[in-house]
Every structure is written in C-alpha cells, then in structure tokens.
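Inside the fold
The primary structure of each chain is shown beneath.
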Amino acid sequence: MTIRASTPTTFACAFSVLALAASLAHAQAQPVIGLITKTDSNPFFVKMKEGADAEAKKLGAKLLTASGKTDGDNAGQVTAMENMIAAGAKTILLTPSDAKAIIPAVKRARAQGVMVIALDSPTEPVSAVDGLFATDNYKAGVLIGQYARAALGGKAPVIATLDLFPGHPVGAQRHNGFLQGHGLKSLDAKSNDLAKPAEVVCMADSFGDAAKGQTGMENCLQKNPGINVVYTINEPAAAGAYKALKAAGREKDVIVVSVDGGCAGIKDVGAGVIAATSQQYPLRMAAMGVAAGVEYAKTGKKVSGYTDTGVTLIAAKPVAGVDSKDVKTGMDLCWGNK
C-alpha cells in the first residue's frame, strides 16, 4: 500500500474548502433581523435604530434596517419587508405606517416562517403580528390626565385636545386615557374613537406637528377663550400650542400636558412650556425585539401578544397623589438631540 503525503497545493485547497464551509456555517448560524421604521429622520426612530443596533452587536445578530420615505409610506415598508426576507431575515421588527394596509405583507411574511413583531404602533388587528412591543398608550394618557386634574386644584376643567388624526389607535388610546385619568367620561383602550365629554370644548387634529398644533390651539382659543387645560398627542404639538397660548397672553394660566419623552420635550417641561409628559422608551422596544429575534433563531420560540415597554410621568413640579419623576431623570432617559 502506498501512502501519498498531501502536497502543499492539495493541503491549501482542502484548508480553503474547510474555511469556506466554516464561514458559510457561521453565516447561516448568525440570526438576521430586520427593522423597518416609519421614517429614518424622526428622533424617536433614530433612537430605536440605535437600540436595535447595539443589541444586535451584543448578541451577534446581523441587523438590516429600512424605513418609509415619509410617515404613511406603506408601499415603501412592504418593499423593505420583501427585500429583507429575500436577504435571509427570519424576524422583522416593524413600526407600521398604515395599521391596516400592511396586513397582507405581514401575512405573506409569516406564511414563510418569519416572525413579525410590531414596535410602538399596533397593526389592525393587533393579532395580525406575532407580538407587539410598545408603550401602554392608554396608561400614558391616564398619567397626564391625573396630573392635569391635580394641578387644576379643584377648578372646573375647560379642555382642548390636540389629537393625532381620526381612527389612529395610538391617538385614540392617549386621548381616551387622558380623559379617564382626569376622571371624565371616556372610552376604553380598545376603542379607536375619541371620547368627547362636555368638559372638552374643542378638539383639533394636529397630526403631531408643531405648526398644526399652533393653528389648532389658535382656533380653539377663538372658540372658547376660557380653556385652562390642553392635552396634546405629542410634544411638537404641545410646543405649537404654547406659541399660540403665549401670543394670546395665556401661557401662564393654562396647563399643557403631552406624551413622548424626547429630549426637546423634556427641555420644554423644564422651561415650563409643558407641565408634564409621559415618557416612552423606543430604545428598549427595539432591544427587546432584537433579543426576541435571536431567541427565535436559536430555539424556534416565537413571542406572543403584547409586551409593555414602560412609561414614566415626567414633571418639573410634582403634585400630590400623582407619582412623577423630575426633569433630570427625564433627560437621562430621553431620545433625540440633547
């Protein structure tokens, strides 16, 4: 029997094949997770991407990211989802721009074995995705409603609401939660309608925009100059409302409350523009989503149902009977430019 020693060329070739096989095995073992946000410019989604990227690096996952061109760009989100699945993503983290229109794409993804988790905003129906990681928006509203009621000190509320737009679940939950927290007639967290008890004298759609918030507040003041409480869907709308109040000389005797917890909003709390805001945590949402994706890749275990990612009331001036944290705490945990 003749035993041939491997020539250098043969050995090198065999080593290359083994190295390639090992590389392919590693690539296949590395979980691929996609994150699709509504836009890539909103500080909330920038922070969400940071959280997902950090967690992916920590857990050894490959993160693919994309977004719609503008808020409401469902077609862009659908295309991004299809591209990510083609690139090997087995988990898609999604902040849906259109809660209903995205459903067919979600169904196609899940039919291919992809786990889909909604972040921040629910789909309609919520059960269309495997899970939802988000702020309890109803609770966020309840907290600022409780604060506004206590801050009024027994005065009868005369309320203006600067909402998102009709039919949006997040907008409805925050609005109705606020009224519930204020002890007024409201609707439950499952309703997408906006309650309007007699104490609400004016409602305007701000679309979460500062300029539209200002216009809405101006119109409400013309309708009823006696407004003493303003609920806003988010902090940009609150900043717009404050401009209108200041122009009317009413900025010191109207309580403005909001939701989000971005750094600009927390600064406005410190400056007295906003009395209190409910802070939510986009970084935490994304990190939890990535961790769930890695777990699915390793064990096949999918998430199910709703996971609350937390909310904290931030106020410059605490009020009796309502638990809140100070501006410093809010700045430590805020998102966006400090």
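Just above, that's the structure.
Attention here is on the structure that accompanies the text. Treat the numbers as computed from the prediction; the structure is a model and nothing was measured.

1. Side note on the pairing of strand 6 (residues 159–163)
Extensive coverage of strand 6 is indicated by the burial of five of its five residues. Burial of the side chains of strand 6 extends over both faces: I159, T161 and D163 are buried on one face and A160 and L162 on the other. Here strand 6 pairs with strand 7 (residues 200–205) via five bridges, running parallel. Among the inter-strand pairings, L162 is bridged to a residue of strand 7, identified as A204. Tracing the backbone out of strand 6, into helix 6 (residues 169–181) and back to the parallel element strand 7 gives a crossover that is right-handed.

2. Remarks on the sheet that holds strand 4 (residues 115–119)
In spatial order, the strands read 2-1-3-4-5-11; together these six strands make up an open sheet with parallel pairing. Whereas interior strands pair on both sides, the edge strands pair on one side only; in this sheet they are strand 2 (62–67) and strand 11 (305–308). Taking the axes of each pair of neighbouring strands and ignoring which way they run, one obtains an average angle of 20° across the sheet. Bridge analysis of strand 5 (residues 131–134) against strand 11 gives four bridges, and the strand direction is parallel. Residue A134 lies in a different strand from strand 11, and its bridge partner there is D308. Its contacts with the sheet put helix 2 (residues 43–59) on strand 1 (32–37), strand 2 and strand 4, and the angle it makes with strand 1 is roughly 175°.

3. Quick word on the layout of surface pockets
Its volume calculated, the largest pocket comes out at about 1,000 Å³. Listed by contribution, the elements that provide at least two residues to the lining of the largest pocket are helix 2, helix 6, helix 8 (235–247) and helix 9 (263–271). If one sorts the elements of the lining of the largest pocket by residue count, helix 9 sits on top with four residues. For the lining of the largest pocket, the per-class residue count stands at 18 nonpolar, 14 polar and ten charged. Approximately 480 Å³ is the volume attributed to the second largest pocket. Surrounding the second largest pocket, 21 residues form its lining, K252, V254, I255, G272 and A275 being those nearest its centre. Those elements that provide at least two residues to the lining of the second largest pocket are helix 5 (137–152), strand 9 (255–260) and helix 9. Looking at the lining of the second largest pocket residue by residue, the class counts come to 13 nonpolar, three polar and five charged.

4. Brief notes about the packing of helix 7 (residues 210–223) against helix 8
Taken N-terminus to C-terminus, the directions of helix 7 and helix 8 make an angle of 45°; their axes are 7 Å apart at the nearest point. Comparing their axes, helix 8 and helix 7 come out oblique. The handedness of the crossing between helix 7 and helix 8 comes out as right-handed. Note on element contacts: helix 8 touches helix 7 through P236, A237, G240, A241, K243, A244 and L245, opposite A210, G213, Q214, M217, E218 and L221. Taken together, the residues of the contact of helix 7 with helix 8 sort by class into eight nonpolar, three polar and two charged.

5. Focus on the environment of K90
Summarising the element assignment, K90 is placed in the loop between helix 3 (74–86) and strand 3 (91–94). Looking at K90, the relative accessible area reads 47%, which means it is partly exposed. If we skip the residues at most four places from it in the chain, K90 touches V32, Q112, G113, V114, M115 and Y296.

Rules and cut-offs
- Residues numbered from 1 in each chain as written.
- Predicted model: local features only at pLDDT ≥ 70, side-chain atom pairs only at ≥ 80, totals over all residues.
- Heavy atoms only, no water.
- Buried < 20%, exposed > 50% of the residue type's maximum accessible area, 1.4 Å probe, protein only.
- Helix = DSSP H or I, 4+ residues; strand = E, 2+ residues; numbered from the N terminus.
- Pairing = 2+ DSSP bridges.
- Right-handed = clockwise from strand over helix to strand, strands pointing away.
- Axes fitted to C-alpha atoms, helices over the stretch in contact; angles between N-to-C directions.
- Contact = heavy atoms within 4.5 Å.
- 1 Å grid on protein atoms, 1.4 Å probe; cavity = no way out; pocket = protein on both sides within 12 Å on 5 of 7 lines; lining within 4 Å.
- Points joined across faces, edges and corners; volume = space filled by probe spheres on them.
- Nonpolar A, V, L, I, M, F, W, Y, C, P; charged D, E, K, R; others polar.
- Parallel < 35°, antiparallel > 145°, perpendicular 65-115°, else oblique.
- Left-handed = near helix turned anticlockwise from the far one by under 90°.

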